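Spelled out from the first residue to the last, the chains are:
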Number of protein chains: 2
Amino acid sequence: MRKWTISDLAREANVSKTTVSRVLNGRPDVDAETSARLLALIEDVGYVRSARAVQLAKGRANVVGLLAPFDTSPWMIEVLRAAMERVQATHFSLVLHSFPHSPAEMARFADQLNNGSMDALMVVSLQQEVPAIAKAAADGLPVVMLNDYGFNAGLADIIPDEAVGIAEAVAHLVAVGRRRFAIIAGTPDFPISATRLDAYRQAIRKHGLELDEQLVIEAPFTAPAAQAATLALVDRGVGFDALFASSDAMAVGAMRALKQRGLAIPDDVSVVGFDDFASAEFTEPRLTTVHNPLYEMSARAMAQLLDGVKANKPIEKSEEVIGTHLIVRDSSVPSRNGAGGRG
Amino acid sequence: MRKWTISDLAREANVSKTTVSRVLNGRPDVDAETSARLLALIEDVGYVRSARAVQLAKGRANVVGLLAPFDTSPWMIEVLRAAMERVQATHFSLVLHSFPHSPAEMARFADQLNNGSMDALMVVSLQQEVPAIAKAAADGLPVVMLNDYGFNAGLADIIPDEAVGIAEAVAHLVAVGRRRFAIIAGTPDFPISATRLDAYRQAIRKHGLELDEQLVIEAPFTAPAAQAATLALVDRGVGFDALFASSDAMAVGAMRALKQRGLAIPDDVSVVGFDDFASAEFTEPRLTTVHNPLYEMSARAMAQLLDGVKANKPIEKSEEVIGTHLIVRDSSVPSRNGAGGRG
DNA sequence: CTGTTAGCGCTTTCAG
DNA sequence: CTGAAAGCGCTAACAG
């Protein structure tokens, strides 16, 4: 016999398909002897339930979709790790979807949203309005966004509380004696650029200091761009002893520029980044940075989604915030320690 | 009407389900007018085919599974990128599976292998025998391994040709004037440790030189371990001017150690790594390294798998090799350039 | 505790 | 060019 089905088992054991199904699903209302006999047979012939048939009959696929920018982002691995761990503890599967680039891809994705191939959806850093998603959510699909920053109104969104970690960073810088704060801010096309800049400015104020606007410079979120910007910043001639780069990649560029100008890190300038990607361990010196809680956010999103599926109800609009915190490494603590220092 | 089905469409349009199905599948043998009318209706009511029903009827899920170590490996993103790109060009989906850690997880995975939830499987860096996979493959499931190094006999495996890139690296080191070669080798529990060490040794021989066994030291594949090993190596007092670290992470540790001992990179010692992960751009100096062709390997594997599914036949045992090459950055070319140099 | 009878929504011979 | 009928393999009332 090629592949056993529930009917084969039923015939072989002289019971009905229903009974077999009950045993398969561990229902209590089956005679112990019958159950044991069936289980033995199942084991014996190596029967395994057809996932497809179950899905059709149950009207559910036990699949959560993950829509994310796999093409670019190295930090996606953090999101994946968390999602996988949560999913693996259940009977769900995780299926990946890249952002649809062409209209054709968008159409296919919209179909997937509605053809029952997923029971829930997690969307990472979309940051653009996609009506098909909102519609699916309105039709009852549990959807949680990560880092959407309000682009898709009405959907649940989970974002990091960047200000907390940045405030920690500033407090740390003050504690090690820094007073002249500079920042490589991101470009205005990303919402996070302003968020991080504002948080930095506010945090500095809380310490009775002021962010000198001459020490603010914008750059794209890449190492080379930040390097150029930092060079320009140093060349303005306005001294600074603390530099916050709006991302780890930018921090790398900034550190290169500082070294180029003969400034020692951290002795002349303390550098702090944002993200805490794996690479932060590999910079020289190792980078002090604000941990971006992608893992935690993803875990949280997945928990909400799985709950949503189980409860069989959509997820309400909400904006959940996950705290960030500073990871102190070697790029920020000068050896000759200033004011509040402990050196 | 809540959710349109093929029957609803048939009734509404006064045709049979069969005809609707034909139109849905773009079969040519349908009256043009009927077809147009149906298409209009479909568009009109926003009908979308149930993926689950199609899958059950067709006996195929159009899913390729990806079994991989998501918990640890940052380079997985490369594998994912390639796999997603290939998959997105088709009507397949990619579903993720983490390595089963407990027997229970293994049992669940083995079930998935046989319950029709995937039509093909790609396995990354498993490097341990998993009979369930071999069995599924024998039963007709297309399976391709990446970096399995023969642990699962009888299955198709794709591996990098590390020797090519390492030979390039050695040639490069010779060209910039290096003659005293050292290596931080991996520990023997990983097959790649010996592969890389041997390739290095052979390459050096091809240049009429010899790898001094005093300049070989083993360490786990991490930065701290490599740092300690490098310190020990330097302290042996046997001079060297070129150091090959068996991974990028190890190279980072090695560079730290060299700096600790007052050695300049690349002027005193040229450092070359292996992997070319994103972090290689972030080291100081930027790391010259052998590119690990994970992306290419994954793309190749996916192509084979999709072919296998389309042709509806298993994939034969094979060992495909993908070339590697050297990426020259700043850690290897000394400013005062030696022998074959071009400075 | 167990079986009967309908589906789940689509595909596919086989006739016409 | 079109339709009837029989599945795909399992679940789920509803009776007993």
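Our structure's up above, just so we're on the same page.
Residues numbered from 1 in each chain as written. Chains lettered and ligands numbered in written order. Predicted model: local features only at pLDDT ≥ 70, side-chain atom pairs only at ≥ 80, totals over all residues. Heavy atoms only, no water.

A.B. asks: Help me get a handle on the environment of Arg81 of chain B, residues and values and all.
C.D. replies: Structurally, Arg81 of chain B is set in helix H5 (residues 76-88). Under the relative-accessibility criterion, Arg81 of chain B is labelled partly exposed at 22%. For the pair Arg81 of chain B and Gly165 of chain B, spaced 84 residues apart in sequence, the C-alpha separation works out to 22 Å. If we ignore the near neighbours within four places in the chain, the residues touching Arg81 of chain B are Phe70 and Asp71 of chain A together with Tyr295 of chain B. Side-chain polar atoms of Arg81 of chain B contact the side chain of Glu78 of chain B, separated by 3.1 Å. (Helix = DSSP H or I, 4+ residues; strand = E, 2+ residues; numbered from the N terminus. Buried < 20%, exposed > 50% of the residue type's maximum accessible area, 1.4 Å probe, protein only. Contact = heavy atoms within 4.5 Å. Polar contact = N/O pair within 3.5 Å; in protein donor to acceptor, adjacent residues only side chain to side chain.)

A.B. asks: Quick rundown of the relation of the copies chain B and chain A? Include the residues and the values.
C.D. replies: The two copies are related by a screw operation: chain B maps onto chain A through 180 degrees of rotation and 0.0 Å of translation along the axis, at an RMSD of 0.1 Å. These values place the two chain copies in the arrangement generated by a two-fold rotation axis. If distances are taken from each C-alpha of chain B to the rotation axis, the shortest is found for Val95 of chain B, at 2.1 Å. In this assembly the copies share their binding face: 100% of the residues contributing to the interface of chain B also contribute to that of chain A. (Least-squares fit on C-alpha atoms with pLDDT ≥ 70 in both.)

A.B. asks: I'd like a rundown of the protein's contact with DNA strand D, residues and numbers included.
C.D. replies: Around DNA strand D lies a shell of 25 residues, among which Ile6, Lys17, Ser21 and Tyr47 of chain A together with Asp31 of chain B are the nearest. Within 4 Å of the protein, atoms of DNA strand D come from sugar and phosphate in 54% of cases. Between DNA strand D and the protein, one listed contact pairs a phosphate oxygen with a side-chain N or O atom of Asn25 of chain A at 3.4 Å. Taken together, the elements giving at least two residues each to the surface near DNA strand D come down to helix H2 (17-24) and helix H4 (51-58) of chain A together with helix H2 (17-24) and helix H4 (51-58) of chain B. Along the lines of polarity and charge, the residues of the surface near DNA strand D split into 9 nonpolar, 10 polar and 6 charged. (Near = heavy atom within 4 Å. Nonpolar A, V, L, I, M, F, W, Y, C, P; charged D, E, K, R; others polar.)

A.B. asks: Before we move on, can you summarise the sheet that holds strand S12 (residues 325-327) of chain B with the specific residues and values?
C.D. replies: All names here are of chain B. Read across the sheet, 6 strands follow the order S7-S6-S8-S9-S10-S12 without closing on themselves; strand pairing throughout is mixed. At either margin of the open sheet sits one strand with a lone partner, and together these are strand S7 (216-218) and S12. Neighbouring strand axes in the sheet, compared pairwise and without regard to direction, differ in orientation by 20 degrees on average. The pairing of strand S9 (residues 270-275) with strand S10 (residues 288-291) spans 4 bridges and is classified as parallel. Considered in S10, the bridge of Phe274 is made with Val290. The sheet contacts of helix H9 (residues 191-206) involve strand S6 (181-185), S7, strand S8 (242-245) and S9, and relative to S6 the element is tilted by about 170 degrees. (Pairing = 2+ DSSP bridges. Axes fitted to C-alpha atoms, helices over the stretch in contact; angles between N-to-C directions.)

A.B. asks: An account of the protein's contact with DNA strand C is requested, with residue identities and associated values reported.
C.D. replies: Around DNA strand C lies a shell of 25 residues, among which Thr18 and Asp31 of chain A together with Ile6, Lys17 and Tyr47 of chain B are the nearest. A share of 55% is what sugar and phosphate atoms reach among the atoms of DNA strand C within 4 Å of the protein. With respect to DNA strand C, the side chain of Ser21 of chain B contributes an N or O atom lying 2.8 Å from a phosphate oxygen. Taken together, the elements giving at least two residues each to the surface near DNA strand C come down to H2 and H4 of chain A together with H2 and H4 of chain B. The class makeup of the residues in the surface near DNA strand C is 9 nonpolar, 10 polar and 6 charged.

A.B. asks: I'd like to hear about the interface of chain B and chain A, residue by residue, with values.
C.D. replies: Chain B puts 53 residues into the contact, and the matching count from chain A is 53 residues. Buried surface at the junction of chain B and chain A, summed over both partners, amounts to about 4400 Å²; 57% is from carbon and sulfur atoms. It is Arg52, Gln88 and Phe282 of chain B in chain B that bury the most area against chain A; as a group they hold 18% of the surface buried on that side. Counting across the interface, chain B meets chain A through 4 salt bridges. (Buried area = accessible area lost by both parts, 1.4 Å probe. Salt bridge = Lys/Arg side-chain N within 4 Å of Asp/Glu carboxyl O.)

A.B. asks: Explain H9 of chain B to me, and be specific about the residues and the numbers.
C.D. replies: Residue and element names in this part refer to chain B. Here H9 spans 23 Å end to end across 16 residues, near enough to the 22 Å set by a 1.5 Å rise per residue. Residues Ile192, Ser193, Arg196, Leu197, Ala199, Tyr200, Arg201, Ala203 and Ile204 constitute the buried set of H9. As for H9, its buried residues are in contact with helix H8 (162-175), S6, S7, S8 and S9. Just past H9, the residue Gly208 takes up positive phi, approximately 75 degrees. (Expected span 1.5 Å × (residues − 1).)

A.B. asks: I'd like a rundown of the nonpolar core, residues and numbers included.
C.D. replies: With 62 residues, the main nonpolar core has Leu94 of chain A together with Leu94 of chain B as its most contacted residues. Every residue in contact with Leu94 of chain B, bar those within four places of it in the chain, is listed here: Leu94, Val95 and Leu96 of chain A together with Val64, Leu66, Leu80, Ala83, Met84, Val87 and Met302 of chain B. (Core = buried A, V, L, I, M, F, W, Y, C linked by side-chain atoms within 4.5 Å.)

A.B. asks: Which residues make up the packing of aromatic side chains, and what values go with them?
C.D. replies: As enumerated under the stated definition, the model contains 6 aromatic pairs over all chains in all. Ring geometry for Tyr200 of chain B against Phe244 of chain B: centres 5.1 Å apart, planes inclined by 35 degrees, an arrangement best described as tilted. Of this pair, Tyr200 of chain B sits in helix H9 while Phe244 of chain B sits in strand S8, and the two are 44 residues apart along the sequence. In terms of burial, Tyr200 of chain B and Phe244 of chain B fall into one category: buried. Ring pairing ties together the aromatic residues Phe181, Tyr200 and Phe244 of chain A, which thus form one cluster. Directly above the aromatic system of Phe274 of chain A lies the positively charged group of Arg196 of chain A, at a separation of 3.9 Å from the ring centroid. (Phe/Tyr/Trp six-rings, centres within 6.5 Å; stacked < 30°, edge-to-face > 60°. Lys NZ or Arg CZ within 6 Å of the ring centre and 35° of its normal.)

A.B. asks: Before we move on, can you summarise the pattern of salt bridges with the specific residues and values?
C.D. replies: Residues and elements named next belong to chain A. Evaluation of the coordinates by the stated rule reveals 32 salt bridges over all chains. Residue Arg11 is joined to Asp8 by a salt bridge in which the shortest nitrogen-to-oxygen separation is 3.2 Å. With Arg11 and Asp8 both in helix H1 (residues 6-13), this residue pair falls 3 residues apart, about one helical turn. Take Asp8: its relative accessible area is 9%, and that puts it in the buried class.

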